[in-house]
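# Observations on the three-dimensional arrangement
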Amino acid sequence: MTVVSGNELWQWRRVARQNAKAGGISPEEVDWLLREVAGLDKLVLRWESFKERSHIQIERPLSELTQLWQRRLEEKFPLQYVAGVAPWRNFSLAVTQSVLIPRPETEYLIDLSVEACRDRIDSVSPPLQKGHWADLGTGSGAIALGLAEVFKEATIHATDCSAEAIAIAQQNAWRCNLNNQIKFYLGSWFEPLSALKGQLSGVVANPPYIPSAIVPQLQLEVSRHEPHLALDGGPDGLDCIRHIINTAPSYLRSGGVLLIEMMAGQAPLVCEFLHRHGSYNSIKICSDLAGIERFALAYRS
Ligand code: GLN
């Protein structure tokens, strides 16, 4: 935390907004950044009433913000990495370049998990929402936190093969006061969870699913700055999804649910993998709020 005067911050905002406009970036991004790092609200920014304050606390020195803002303009560095935080569901999550910025469409995975339990409330005992859940490839920890928040009586097991990601996910669990409910493991997909074979009520994952050849063609913010480890799903984008579908049945309890995020156009193949495996029932594809077939859901028979 450092302290600046209102007038200094006002000057900084004015220049940053001008540069944004000149660089084809929305000046609203500057205000979002100041809301995050200086705790100023929308009205205070709109009326510029902060200009009169003698002291304003900010999370990073202005010189550092200037450098980061320059990177935003010149290198398309993502705004959430500039701020060091990303909003997701009710949370404000710490993010660095070691983790994918959690996407709004992924928020819906949590609601689908709740619905999946509700649909089985009369047929599965003990109820799914009370057991062990896994978030595979947790990254910033977003899905694990979302599950912990909605399933108060569950234990969430979050894995990631990146030690940097696990450190950030753990930090986020503390930040959101959900650290007692989540266990973190360094390792690939199910590997660290062998003690839980046959016991998981739910497995949720947003694995890398972009075909390797497409990754360099994504928006510059994504292709240049986000971890390819979290994006690149191999030649057809389905390497990790295939592995999870093939491995989940030995980890799920009977009646347990698998929920995976995927890319537009992958639903027919993902459905086929699930059917072909022979261990799943009630296989369903769910669309995101933009109407894109984004999630696959299936129960372990
Ligand atoms: N949804 C992300 C994107 O569009 C990709 C995330 C992933 O591969 N799981 O960039």
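## Re the sheet that holds strand 7 (residues 182-186)
In spatial order, the strands read 7-6-5-8-9-11-10; together these seven strands make up an open sheet with mixed pairing. What marks the edges here is a single partner per strand, and that holds for strand 7 and strand 10 (280-287). Mean inter-strand twist for the sheet, computed between neighbouring axes without regard to direction, equals 15°. Of the pairings in the sheet, the one linking strand 6 (residues 155-160) to strand 7 comprises five bridges and is parallel in character. Bridging from a neighbouring strand, H157 pairs with K183 of strand 7. On the sheet, helix 6 (residues 108-119) packs against strand 5 (132-136), strand 8 (200-205), strand 9 (252-261), strand 10 and strand 11 (293-300) and is oriented at approximately 30° with respect to strand 11. Helix-sheet contacts for helix 11 (residues 267-277) involve strand 9, strand 10 and strand 11, and the interaxial angle to strand 10 is about 170°.

## Topic: the packing of helix 2 (residues 28-38) against helix 4 (residues 62-75)
The contact between helix 2 and helix 4 brings their axes to 13 Å, and the two run at 145°. Viewed along their axes, helix 2 and helix 4 form a crossing whose handedness is right-handed. Touching E29, V30, L33 and V37 of helix 2 are L65, W69 and R72, all from helix 4. When the residues that make up the contact of helix 2 with helix 4 are grouped by side-chain class, the tally is five nonpolar, no polar and two charged.

Scoring rules and cut-offs
- Residues numbered from 1 in each chain as written.
- Predicted model: local features only at pLDDT ≥ 70, side-chain atom pairs only at ≥ 80, totals over all residues.
- Heavy atoms only, no water.
- Pairing = 2+ DSSP bridges.
- Helix = DSSP H or I, 4+ residues; strand = E, 2+ residues; numbered from the N terminus.
- Axes fitted to C-alpha atoms, helices over the stretch in contact; angles between N-to-C directions.
- Contact = heavy atoms within 4.5 Å.
- Left-handed = near helix turned anticlockwise from the far one by under 90°.
- Nonpolar A, V, L, I, M, F, W, Y, C, P; charged D, E, K, R; others polar.

Purely spatial values, then, with no claim about function.
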